[in-house]
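Listed below are the residues making up each chain.
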Amino acid sequence: MARRTICFVTGTRAEYGLMQWVLHEIQQDPDLELQIIATGMHLSPEFGMTYQAIEEDGFEIDEKVEMLLSSDTPVGVAKSMGVGTMGFADAFERLDPDIALIPCDRFEALAAAQAALVARIPIAHAYGGETTEGAFDEAIRHSITKMALFHYVTAEPHRERVIQLGEHPDRVKNFGAPQLDHLHRLELLARDEFEHSIDFRMEELTFLITYHPVTLEERSPEQGINELLGALDHFPDARFIFTKSNADTDGRIINQRIDEYADALGERAEVYTSLGQRRYLSALHHVDLVLGNSSSGIIEAPSVPVPTVNVGDRQKGRLRAGSIIDCAEESREIVEGIEKALSDQFQDQMGGVESPYGNGRAAPRIRRHIKTVDLGGVSKTFYDLPAASKNSVNR
């Protein structure tokens, strides 16, 4: 039997980290051949040329699709998607994979899915059925769901939502969140090793901060990041580890303000384009709280557990563990959220926190399914849910 070829598409450090253990599983299976297409932020000097981290982890990159224009305006992002679709069309023609494994909800993923769809390459979509109501990622995720043939979701409510979108239940698998496999596989850095690796000394109180644009908001992201930075001024004894925003619309505005703020604080703050998977997960074990609006505060942080102060609406709609405190993009509320997270009462309840995203054994389940699933054509029919009343009519 010919080896089945799985082509993984990745555009950011974040979603590569989510799927890293799945890639290891595929790479180590003698009946599977792994291909990787790197694109987007991975190929940008501004965002750290993070394709190198993929190679350092022992993977070979088969294609690099340049698509990221030097503009994060809505027009620039839309044009990047067009460039990306053309690049993926050529890449898929050369690689000719059996399955395109496309995760998440970013515009790079949408460009790849469009190209794979018309090339009649079956798409396996990971992280479908989730909601992030504050970003246009929400619509992108559901669009890729409708293009995909197979679905790997992270929780039962997400599985139900994908089925609600018309996908057949037999093709929607709830294996949990693949990034939680690090609970069983990754050797994390001790505190002193972590400090040495980032050349930053942590004190008794240290925050890990990531803030991304809320792409569906009308106001400038500069207002949101200014509110967050203003809240930090209320904690003069704290130290701050910032990881930069991604390449979403107006992300550069946020990164500029973070750089300016950190420069003014001197040794109390440090900014990193990317910590990488091992250092980021190690950081979660050594900081006092996670602050911002990254999905890692919702999914990874509760598995430690470490408190998350989630700011604004970017992650609105995601399942929540008890370690997460939601607050508006207002300095006063952010300060109150931080104080609550650091309180003895909140800390005492952290021991009972459970993640709604599984037990960290998703990668081998995905590998087994993607290895054996029937690829008998890419066409599919819409799966209709049983009607509450066949005679009901909206009036």
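What you see is a predicted model; the values in this text were computed from it and never measured.

1. Some details on the side chain of H158
Then step 1. Tracing the backbone shows H158 in helix 6 (residues 156–164).
Then step 2. Taking relative accessible area as the criterion, H158 reaches 3% and is therefore assigned buried.
Then step 3. A polar side-chain atom of H158 sits 3.0 Å from a polar atom in the side chain of T154.
Then step 4. If we skip the residues at most four places from it in the chain, H158 touches G128, G129, E130, V153, L319 and Y357.

2. Digging into the side chain of Q179
Then step 1. When you line up the elements, Q179 lands in the loop between strand 7 (172–174) and helix 7 (182–185).
Then step 2. With relative accessibility at 0%, the residue Q179 sits in the buried group.
Then step 3. The residues touching Q179, leaving out its near neighbours within four places in the chain, are G17, L18, Y127, I299 and E300.

3. Here's the deal with unusual backbone geometry
Then step 1. That bond from V304 to P305 is cis: its omega, -5°, falls within 30 degrees of zero.
Then step 2. Inspection of the secondary structure puts P305 in the loop between strand 11 (289–292) and strand 12 (308–311).
Then step 3. Its identity is not glycine, yet D199 carries a phi of approximately 55°, on the positive side.
Then step 4. Looking at where D199 falls in the secondary structure, it is placed in the loop between helix 8 (191–198) and strand 8 (206–210).
Then step 5. Note on D199: relative accessible area 68%, which makes it exposed.

4. Re helix 3 (residues 74–95)
Note on helix geometry: an α-helix contains 3.6 residues per turn, so any two residues three or four positions apart are oriented the same way.
Then step 1. With 22 residues, helix 3 extends 31 Å between its outermost C-alpha atoms, agreeing within 8% with the 32 Å of an ideal straight helix rising 1.5 Å per residue.
Then step 2. For helix 3, every residue scored as buried is listed here: G76, V77, S80, M81, G84, G87, F88, A91, F92 and L95. One side of helix 3 carries all its buried residues, which in axial view fall inside an arc of 145°. What points out from helix 3, more than 90 degrees from its buried face, is the exposed set V75, K79, M86 and E93.
Then step 3. Residues of helix 3 that are buried make contact with strand 1 (4–10), strand 2 (32–39), strand 3 (63–65), strand 4 (99–103) and helix 4 (107–118).
Then step 4. Positive backbone phi, at 50°, marks D96, one or two positions downstream of helix 3.

5. Topic: the confidence of the model for the protein chain
Then step 1. With 95% of its residues at a pLDDT of 70 or more, the protein chain has an overall mean of 92.
Then step 2. Within the model, the stretch residues 389–395 combines pLDDT values under 50 with zero contacts to residues more than four positions away or in other chains.

6. Digging into the environment of N293
Then step 1. For N293, the location among the structural elements is in the loop between strand 11 and strand 12.
Then step 2. Using a relative accessible area of 0% as the deciding quantity, one classes N293 as buried.
Then step 3. Distance from N293 to V309, taken between C-alpha atoms, is 8.2 Å for residues 16 residues apart in sequence.
Then step 4. In this structure N293 touches T210, Y211, H212, V214, N310, V311, R314 and Q315, once residues within four positions along its chain are discounted.
Then step 5. Of note is the side chain of N293, whose polar atom sits 2.7 Å from the backbone nitrogen of H212.

7. Considerations on the packing of helix 8 against helix 11 (residues 276–286)
Then step 1. Here helix 8 crosses helix 11 at 130°, and the two axes come no closer than 10 Å. In terms of their interaxial angle, helix 8 and helix 11 are classed as oblique. Note that helix 8 runs across helix 11; the crossing there is left-handed. Here helix 8 contributes R191, F194, S197 and I198 to the contact with helix 11, which in turn contributes R279, S282, A283 and H286.
Then step 2. Each residue belonging to the contact of helix 8 with helix 11 can be placed in one class, and the counts come to three nonpolar, three polar and two charged.

8. Looking at the sheet that holds strand 3
Then step 1. In space, the seven strands of this open sheet follow the order 3-2-1-4-5-6-7, with parallel pairing throughout. Across the chains shown, the open sheet's two edge strands, defined by having one partner strand only, are strand 3 and strand 7. Taking each pair of neighbouring strands and ignoring which way they run, the sheet shows an average axis angle of 20°.
Then step 2. Sheet topology note: the strand 1/strand 4 ladder contains three bridges and is parallel. Directly across from I6, in strand 4, lies its bridge partner I99.

9. What about the pairing of strand 9 (residues 239–243)?
Then step 1. Within strand 9, five of the five residues are buried, which leaves the element mostly enclosed by the surrounding structure.
Then step 2. The sheet contact formed by strand 9 and strand 10 (residues 269–272) spans four bridges and is parallel. If you follow F242 over to strand 10, its bridge partner there is V271.

Thresholds, definitions, all that
Residues numbered from 1 in each chain as written. Predicted model: local features only at pLDDT ≥ 70, side-chain atom pairs only at ≥ 80, totals over all residues. Heavy atoms only, no water. Helix = DSSP H or I, 4+ residues; strand = E, 2+ residues; numbered from the N terminus. Buried < 20%, exposed > 50% of the residue type's maximum accessible area, 1.4 Å probe, protein only. Polar contact = N/O pair within 3.5 Å; in protein donor to acceptor, adjacent residues only side chain to side chain. Contact = heavy atoms within 4.5 Å. Expected span 1.5 Å × (residues − 1). Arc of directions from axis to C-beta. pLDDT = per-residue confidence, 0-100. Axes fitted to C-alpha atoms, helices over the stretch in contact; angles between N-to-C directions. Parallel < 35°, antiparallel > 145°, perpendicular 65-115°, else oblique. Left-handed = near helix turned anticlockwise from the far one by under 90°. Nonpolar A, V, L, I, M, F, W, Y, C, P; charged D, E, K, R; others polar. Pairing = 2+ DSSP bridges.

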